[in-house]
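# Understanding the architecture of this molecule
Each chain, written out:
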Amino acid sequence: MEKAGQKLHTRMRLWEYPDEYIVEPTDGTGGSFLAVSRTDGSMKQLDELPQCSSVRVPKIQTIYGVIGVLKLLAGSYLFVITDRQCLGSHLGHPIFKVTSMKILACDHSLKGSPAEQRRMENEFSALLNAAEATHGLFFSYDVNLTLSMQKLHELGAESKVLPLWKQADPRFLWNNYMLEGLIENKLEPYLLPIVQGSFQHFQAAIGKDIVDVTLIARRCTRRNGTRMWRRGADPDGYVANFVETEQIVQLNGYTASFVQTRGSMPFLWEQIVDLKYKPKFEIVKPEDAPRVAERHFLDLRKRYGSVIAVDLVNKHGGEGRLCEMYGKAMQQVVNEDIKYLHFDFHKICGHVHFERLSILYDQISDFLDKNRYLLLNEKGEKIEGQHGVVRTNCIDCLDRTNVTQSMIGRKMMEAQLRRIGVFGAEETISSHPNFDDNFKILWANHGDDVSIQYSGTPALKGDFVRFGKRTVEGILKDGWNALARYYLNNFRDGTRQDAIDLVHGQFIVSVSRGSSSQPQKGGLEAFASLPVALSVVMAGFFLALMSLRQAPYSSWHLFLSLFWAVLSAGIAAFVRANGRSFCNRPRLHKV
């Protein structure tokens, strides 16, 4: 059996020397200092601080973790946590949210690099400003957050004493790629696993019992990205916006857990932004759909057991083509362990009657009853295990999916509380107003977190999850968030997608790849500017109106009025026809 890994440092002091960064543990655990060269990002351990000259005193600040090191063309970048917030506890240990991170450049070697390489390095490093604002990162110094309660329970004795990064499921390890340098240098006390997703927690009373409820979302890094630039699956079956959600209940010594998943429809499709409010869905290589879907579901079967895929998209309209393709692909995949169910959310529930989701629950209740949930007794022994998972999707796997998953989570928690003996046969969560309110807020915050990471805005339909009904304020907020999504998807998310690809190693930068490694804007895209085009259109229409006022007195003004009107209409039509060139597109990774 391996010895238990060294304890992670929980508080450190960062010294910024002219030629290196020094990380000094200050949490009383002792251990070596970490030195990171500001020239090339190379790392080593020191037993004491270097002497500092009286001329230039190093900057000092407190940090709470080293996220990792990202290597670009000639320089490297050190990611550190500069502020944290305690979100609650899990298995008796505090869980923290990253509220501020800092990216420190180790690029002194750039001074002697060719001008072209320096230009590219500056462009790459500028993308990291977007990475600094990454939403929903959380961590623990003591407990493995990448594994569900059931998988933690199933870990062997040898695995349980391994360092957290070695126990971690790489799918949900956000800084997996950036940890490589620290792993190579055997810097165990600094190897802090980071998860992206959501951690929500509350305690509430049901009669004399205190119930502890936790909701964890774990975002998969395999096909991570933004709403419009990561759709569908890749050829290996990894899907966009794949999130594992685990709902945990603890009371009277018992622990119950239930896991659900969400993810984009598992075949190759895209929806490239082009200034339209709803860009056209495009199915890529439809002949490969059954093979890609099969790969995806075989992976889910291996990890979770039986699977029921709940498809919430519209049967008709633009979504209908995707629904049809999904259904056809699943005909070759379904078997005793893999089921497919289509439920037209908008047709059945409309925009306000979400209580009709009970129809869906009736259709999947047999699956849920058969495949159960994890239940541990006071001694930590497994009474029941979860043998299958509900996989839910809509188009974005956000709004309709959030509402549906919260309904399933509510039903399963009620079943667990009945099993433990806290609820009577007909008792429900809504019978306990305080608990019910906390439960709704828990799921609403969870949905907002997952949505912000993918779309840039909180979830739509969140008022139903938060209050149990649709409200005027909620509908107005949905309208505002829908407009915000349009703006972000068209004019900001290309850059954000590039930043995501960089930090996850989806686009590995190296000098040997040369200047061709970063696609340059070409053709129309090189000079297309929507603000300039809109300004010209508005100016043209203004001049047309001004000339039209003079038209009764001069045929020349009538001609000018027509000229400016035609010119403005022509430019507007040109922009509409070439919308993709006027949007903010990723440049590092071909979608």
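Residues numbered from 1 in each chain as written. Predicted model: local features only at pLDDT ≥ 70, side-chain atom pairs only at ≥ 80, totals over all residues. Heavy atoms only, no water.

Quick look at the packing of aromatic side chains now. In total, this model carries 14 aromatic pairs according to the counting rule given. Look at Trp15 and Tyr17: their rings are 6.2 Å apart centre to centre, the planes differ by 20°, and that puts the pair in the stacked class. Overall, the relative accessible area of 14% leaves Trp15 in the buried class. By relative accessible area, which is 5% here, Tyr17 ends up buried. By way of ring pairs, the aromatic residues Tyr277, Tyr486, Tyr487 and Phe491 are connected into one cluster. Just above the ring of Phe96 sits the side chain of Arg84; from NZ or CZ to the centre is 4.4 Å. (Phe/Tyr/Trp six-rings, centres within 6.5 Å; stacked < 30°, edge-to-face > 60°. Buried < 20%, exposed > 50% of the residue type's maximum accessible area, 1.4 Å probe, protein only. Lys NZ or Arg CZ within 6 Å of the ring centre and 35° of its normal.)

A word on empty space enclosed by the protein. This model, assessed by the stated rule, comprises three cavities of 30 Å³ or more. What the largest cavity holds in volume is close to 50 Å³. What lines the largest cavity is Ser140, Val143, Asn144, Leu145, Thr146, Leu164, Ala168, Pro193 and Val195. The class makeup of the residues in the lining of the largest cavity is six nonpolar, three polar and no charged. (1 Å grid on protein atoms, 1.4 Å probe; cavity = no way out; pocket = protein on both sides within 12 Å on 5 of 7 lines; lining within 4 Å. Points joined across faces, edges and corners; volume = space filled by probe spheres on them. Nonpolar A, V, L, I, M, F, W, Y, C, P; charged D, E, K, R; others polar.)

Sites flagged by UniProt as "transmembrane region" (unreviewed entry) map to residues 526-546 and 558-577. Taken end to end, residues 558-577 is 100% helix and 0% strand, and its two terminal C-alpha atoms sit 28 Å from one another. (UniProt positions renumbered as here; feature names shortened; annotations may be inferred. Helix = DSSP H or I, 4+ residues; strand = E, 2+ residues; numbered from the N terminus.)

Right, let's talk about the domain arrangement of the protein chain for a bit. For the protein chain, the assigned domains are domain 1 (12-133), domain 2 (193-446) and domain 3 (530-581). For domain 1 and domain 3, the distance between their C-alpha centres works out to 53 Å. (Domains from an automatic or database assignment.)

Attention now goes to a nonpolar patch on the surface. Together, Leu545, Leu548, Leu558 and Leu562 give the surface a local cluster of nonpolar side chains, amounting to about 390 Å² of exposed area. As for its position among the elements, Leu548 is in helix 16 (residues 530-550). By relative accessible area, Leu548 is classed as partly exposed at 45%. (Patch = residues over 30% accessible without salt bridge, like charges linked within 9 Å, V, L, I, M, F, W, Y side chains within 5 Å. Areas by Shrake-Rupley, 256 points an atom, 1.4 Å probe, with all protein chains shown as cover. Salt bridge = Lys/Arg side-chain N within 4 Å of Asp/Glu carboxyl O.)

Below, the discussion takes up the packing of helix 10 (residues 399-420) against helix 11 (residues 433-455). Running from N to C, helix 10 and helix 11 point in directions that differ by 140°, and their axes come no closer than 10 Å. For the pair helix 10 and helix 11, the sense of crossing is right-handed. Each of Asn402, Gln405, Ser406, Gly409, Arg410 and Met413 in helix 10 lies in contact with helix 11, whose residues at this interface are Phe435, Asp436, Phe439, Lys440, Trp443 and Gly447. (Axes fitted to C-alpha atoms, helices over the stretch in contact; angles between N-to-C directions. Left-handed = near helix turned anticlockwise from the far one by under 90°. Contact = heavy atoms within 4.5 Å.)

What follows concerns the nonpolar core. The biggest cluster of nonpolar side chains holds 45 residues, and the ones touching the most others in it are Leu357, Leu360, Ile364, Leu368, Ile408, Met413 and Phe435. Leu368 has contacts with Phe258, Tyr361, Val390, Ile408 and Met412, leaving out every residue within four places of it along the chain. (Core = buried A, V, L, I, M, F, W, Y, C linked by side-chain atoms within 4.5 Å.)

A few words on the side chain of Thr392. Its place among the elements puts Thr392 in strand 20 (residues 388-393). Contact partners of Thr392, with chain neighbours within four places excluded, come to Thr261, Arg262, Gly263, Val310, Leu312, Thr401, Thr404 and Gln405.

Quick look at helix 11 now. The terminal C-alpha atoms of helix 11, which comprises 23 residues, lie 32 Å apart, in line with the 33 Å expected from a rise of 1.5 Å per residue. Gly456 occupies a position one or two residues after helix 11 and carries a positive phi of about 95°. (Expected span 1.5 Å × (residues − 1).)

To continue, consider the pattern of salt bridges. Counted according to the given criterion, the structure contains 30 salt bridges. The shortest N-O distance in the salt bridge between Asp274 and Lys276 comes to 3.4 Å. For Lys276, a relative accessible area of 34% translates into the label partly exposed. Here Arg303 makes a salt bridge to Asp299, at a shortest N to O gap of 3.1 Å. Placement of both Arg303 and Asp299 in helix 6 (residues 289-304) is noted, with a separation of four residues, approximately one turn of the helix. Given a relative accessible area of 28%, Arg303 falls into the partly exposed group.

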